Each structure stands twice: as structure tokens, then as C-alpha cells.
Amino acid sequence: MITLDKIGHLKRFTHVKMKAKSDLFQLIKSLTKSEKRYFKLYAKMHGLHGNQNYLILFDQIDKLAQESEEYNENKIKYLFRDRVFIKHLSSEKNYLHTQILKSLTRYYTTRSPEMELDELIHSASLLYKKGLYQQSLDKLNKAIKFALQNEYYSKVFKIVELKVLLIPQTCFSAKRMQEDYEKAFLNVQKASKIIETQTIYRQLHSKFYYLMRKYGDSIRSSNELNRFEATMSHPLLMDESQAKSRESRSLFFFIKVVYNIMIRDYPKAFELARKEFREIEAIPKVTEKFPFEYMTGISNLCEIALRMGNLPLCKRYLTVLRKINPNSSLLKAKLFYRYYDLSLRINILSGDFENVNMLSKSIESVLKKYKSNIHKSRELSIYYHMAYIYFGLEDYKNALLWINKILQDKTDLRQDLLCYGRILNCLIHYEHQNYTIFFHLLKSTKYFISKHKRMYATEVIFLASYGKLIQNPIFGKQKSFFIDLKNKLEQIHADPNEQAAIEYLNFYSWIKSKINRTPFYKNMK
């Protein structure tokens, strides 16, 4: 078999920007070991072994996916240059993609409750077409019970549609027929009402999620607060009693928990998050049925405990989070982000910066592996906190490496991190004694933050004080300069809104380090 590692001169293709569709590559890359093994069995059962091209192509793309994050079709074409099928590679890839999806459908039929329900409905439909009406009705009765118990409300319409066809064939009295019709349509009405409410919750969640991703973890201005409160004032968000389904309750709690985090009412956020998690924990086999909800519940509690400054509780939740064993690439990516982002921030809050080197290697490697499954806003958070830790360790080279990942990104998401990334960048260059660059960055940073109307008083004082350095750089070497800056910041320290600024960048500890002439991270402890 031809293997990629034996083709040394293929390196010339490595940096070629590929335009070929990478759907098949991405699909194969996402497969678990057990899914790949099942596909091989599926291929054998369905005669794909008769055409070895598909399996050879599968193996080579799988190998390429393990070695690289990007699809390079030139390599594939070179490897199979002597094969006839390479002339119509596109159709071969499409066929293989279809067969993999079919094998996944079969693989998860016995593992997914939704697919189990679909199979019941499909069986009932087949039995009806064969004239086996009572058998079909038995299947549908199981299906309707299963759908309502497992909250697959959208499936109720198809089940009732079939059941309405069966009622005349299986009811031999007018009274029974009327009762069965009424019962069937009562289920439709119940499902319709729940779906209608779910749809409204989804709309509210979408509006809230957009604002959260745009502005970040804190509300800076009355204008931003008004935008959020326009969503929060909806009647369905007054209390959870109107959220009748699991999905509706999940969306309700998400909005309420995150909103209370953003307005810094952490006790209320923790109370709501704990209430939701207790509901999740009560579900039998929850880690199998709802692994994402379980993982999210733990990480939310960990997040709020961290913001409350309760590090022992936060670490306990983090230990539980670490023990979760996800069974899909998507869940692994989410676990990676949540675990490492929280770990970095725990290290920052506790001043334990020295363990970062080991964390850094793990983060770089796993971030590369799961990058396609991690939301941009999550990426930016990892970048910022890595830069922060290296800044605290006075490793300005690595701090710049990580902060530049934010500054070079063209996104307008996480405006909080885009602002603080620029402030941190100023400090990195200042500490690195790149004074010419520092003065230029100071001006552009002040303009950027004021343009976005996201200035905390802490930032105004900090940037204004450092603006004096442009006129007289010698101030930055005088202890009195930092004492004066510290006194000005202390005057606004009691304002709860200004606490958010310190959560992003601990100005006090940094100023203290300049006054005491000690490393920044030691003043965080």
C-alpha cells in the first residue's frame, strides 16, 4: 500500500493553498476509532470490499487527517496517479462521504433515542402499507408514548398523521372512534403548544447569545444594559414555571444564569445554576443521555465559584469536569475549552503562574486538534489568558506571541477581550522597554476603546496617566508616579462596575509590583 511518509518529495505540495472541497476529509477526521471500525464492517457487509478504491481512499485520507489539520488534494492525486479512479476523484469522494454517513446512521440507530423513535414510526408506516393495521397501531402507540416521555414533540405530528389513517381501520364502534380521534388531536395540541413556547425561548436565546458573544462577559454601559434588558423583560423569562419542556428550561436557565453573571450578581447566578444542575443530575443515566448538559452544568458552577473567589469550590467542580469522558469530537472540544480556560483563570486568580509551561504545551496541542470545533469567542479567551500568564511571568516574548493572535484576528466578537488585549499589549511593550512602540500603541488603544464606547473609569485613569509618559518618559521610572496612579484607582475601587476591569487585568497588582519592584505574579497571591 502506498503511504504518505514514503513520498519525501511530496513536501513541495505542503504549502499550496488547497481549494478542493474538504468535506470528506473533515468527516473522516471527526470519526472516533469505534466509528471507523464500524465503517469497515459496514463496507464489508454492503459489498464495498468488492471495490477496494473506496477503502484505500478512506485509509489514505484518514492518515492525512491524523497528520495534518488541512486537506491537501494534491497529495491524494499524486499518491493515486496511476489509478483509473483518480480521473473522477470528485464523484468517488462524494460516494465515500455518502457511505460513511449511512454507516454512522446504522451505528447510532441503537444508540440514539431519536433514531429508535424514527425506526418505530417507519415500521408502523411499513405495516400500514401491508394492511397489517393492528400491528401498525401497536407500533404507533409505543411511538407516541416514547415521543412524549422523551420530549420529541415534533415527531408527534407524523405519528398522529399515521394514527388518523389507522383509526377507521381499527375502531369498530362510533364511540371508540370519536375517543381515539379526540385523544390523537389532544396530543397534537399539547405538542404544538410546547413547540410554540420552545420556539420563543429559542428566539430569546438567539438574541441574548448574539449580544453576549458580541460584548463579552460583562456589561459596560447603560446602552449595553438596555439591549440585554429588552430581552430579559419578556414574560417567559419572569420564572421557569412557563418552561414546560427540558429544552425550554435549559434555555431559560442559560439566559438567567449568564445575565446574572454579566451584571455581577454571582450569588443569584449560582443559585440558579445549582437549581438547574440538580434537575439535570436527577435524570437517569444523565452522562450517557445528556453529556453536554451535564458538562455545561458543572462548568457553569465552576465558572461562578471562580468569579465569587471561592477557589476551593471551583477546584472541586473542575476535578469533576476533568473526569468526564466525552464520546465525540465536538464534546471533546467543548470539554477542552471549558477545562483549560477555567484552569488558566484559576492560576491567574491564585497567582499560581509557574505551572503554565506544562499547561501551555497541552493547550497548543489540543487547540490545534479541535480548532474547527471551538467557537472563535472561546479561542480568544484562551489566547488572552495565556498572554496574561506569560506577562505575569515576565516572559514577554511568549506573551506577545499569544496576544498577537487576538490583535491579528479580524473578528468583532468579544469586544471585551479586543479592548483588554490592546491594553495588555501596551503593558507588554512597556515592560519589554519598547517605548517607541508603547507610545504609539497607547494612542491607538485609547482611540479603539473610546470608539467602541466601552471605557471603564479604571481604564480612563490608567490610560490618561500613561499618556503623561509620552511627554516625559522619566515618570515611568519614578515610584511616586505609580503611587499617585494607585491612589487615583483606589478612589473608584468601591464601584462594583469597576471590579469587572480588575477581573480582566489586575491593575492594582501590576502597580504594586512597580512600587515594590517585585514580579507581577507574586503580588497576585
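Residues numbered from 1 in each chain as written. Predicted model: local features only at pLDDT ≥ 70, side-chain atom pairs only at ≥ 80, totals over all residues. Heavy atoms only, no water.

Q: Go over the confidence of the model for the protein with me, naming the residues and quoting the values.
A: The predicted model of the protein has a mean per-residue pLDDT of 84, with 92% of residues at 70 or higher. A low-confidence stretch, residues 1-20 (pLDDT under 50), is modelled with 33 contacts involving residues beyond four sequence positions or located in other chains. (pLDDT = per-residue confidence, 0-100. Contact = heavy atoms within 4.5 Å.)

Q: Give a detailed account of the packing of helix α23 (residues 479-490) against helix α25 (residues 507-516), specifying residues and quantitative values.
A: Running from N to C, α23 and α25 cross one another at 155°; their axes reach a closest spacing of 9 Å. Relative to α25, the element α23 is oriented roughly antiparallel. The handedness of the crossing between α23 and α25 is left-handed. Where α23 abuts α25, its residues K479, F482, I483, L485, K486, L489 and E490 lie against F507, Y508, W510, I511, K514 and I515. Class assignment for the residues of the contact of α23 with α25 results in 9 nonpolar, no polar and 4 charged. (Axes fitted to C-alpha atoms, helices over the stretch in contact; angles between N-to-C directions. Helix = DSSP H or I, 4+ residues; strand = E, 2+ residues; numbered from the N terminus. Parallel < 35°, antiparallel > 145°, perpendicular 65-115°, else oblique. Left-handed = near helix turned anticlockwise from the far one by under 90°. Nonpolar A, V, L, I, M, F, W, Y, C, P; charged D, E, K, R; others polar.)

Q: So what's going on with the side chain of E431? Residues and values would help.
A: With respect to the secondary-structure elements, E431 resides in helix α20 (residues 415-431). With relative accessibility at 18%, the residue E431 sits in the buried group. (Buried < 20%, exposed > 50% of the residue type's maximum accessible area, 1.4 Å probe, protein only.)

Q: Which residues make up helix α11 (residues 246-262), and what values do they have?
A: Between its terminal C-alpha atoms α11 stretches 24 Å, which fits the 24 Å expected from 17 residues at 1.5 Å a residue. Of all 17 residues in α11, 13 are buried; the element is thus mostly enclosed. Among the residues trailing α11, R264 stands out with phi positive, at a value near 70°. (Expected span 1.5 Å × (residues − 1).)

Q: Outline the nonpolar core, supporting the account with residue identities and numerical values.
A: Judged by nonpolar contacts, the single largest core of 117 residues is most densely connected at Y384, Y466 and W510. For this core, the leading source of residues is helix α16 (residues 329-350), giving 11 residues. If we skip the residues at most four places from it in the chain, Y384 touches I403, I406, L417, Y420, G421, L424, Y504 and L505. One finds L27, I56, A65 and L96 within the second-largest nonpolar core, a separate group that totals 28 residues. (Core = buried A, V, L, I, M, F, W, Y, C linked by side-chain atoms within 4.5 Å.)

Q: Can you tell me about the pattern of salt bridges, naming the residues and giving the values?
A: On inspection of all chains with the given rule, the structure shows 23 salt bridges. D180 is the partner of R176 in a salt bridge, and the nearest nitrogen-oxygen pair spans 3.2 Å. Taken together, the residues span about one helical turn, with R176 and D180 both in helix α9 (residues 174-215) at a distance of 4 residues. The exposure class of R176 is partly exposed, given its relative accessible area of 41%. (Salt bridge = Lys/Arg side-chain N within 4 Å of Asp/Glu carboxyl O.)

Q: Any chance you could break down α25 for me, citing the residues and the numbers?
A: Of all the 10 residues making up α25, 8 are buried; the element is thus mostly covered by neighbouring parts of the structure. Here α25 starts with a cap whose side-chain oxygen sits 3.3 Å from the backbone nitrogen of Y508, and that cap is N506. Remark: R517 follows α25 within two positions and exhibits a positive phi of approximately 55°. (Polar contact = N/O pair within 3.5 Å; in protein donor to acceptor, adjacent residues only side chain to side chain.)

Q: Go over the packing of aromatic side chains, please, and point to the residues and values.
A: Enumeration over the complete set of coordinates arrives at 27 aromatic pairs. Ring geometry for Y420 against Y504: centres 4.9 Å apart, planes inclined by 5°, an arrangement best described as stacked. You can see Y420 sitting in helix α20 and its partner Y504 sitting in helix α24 (residues 496-504), a full 84 residues away along the chain. Of the two residues, Y420 and Y504, neither departs from the other in class, the shared state being buried. Grouping aromatic residues by their ring pairs yields a cluster made of Y420, Y430, Y435, F438, F439, F462, F481, F482, Y504, F507 and W510. Here the guanidinium or amino end of K405 rests over the ring plane of Y383, the centre of that ring lying 5.7 Å away. (Phe/Tyr/Trp six-rings, centres within 6.5 Å; stacked < 30°, edge-to-face > 60°. Lys NZ or Arg CZ within 6 Å of the ring centre and 35° of its normal.)

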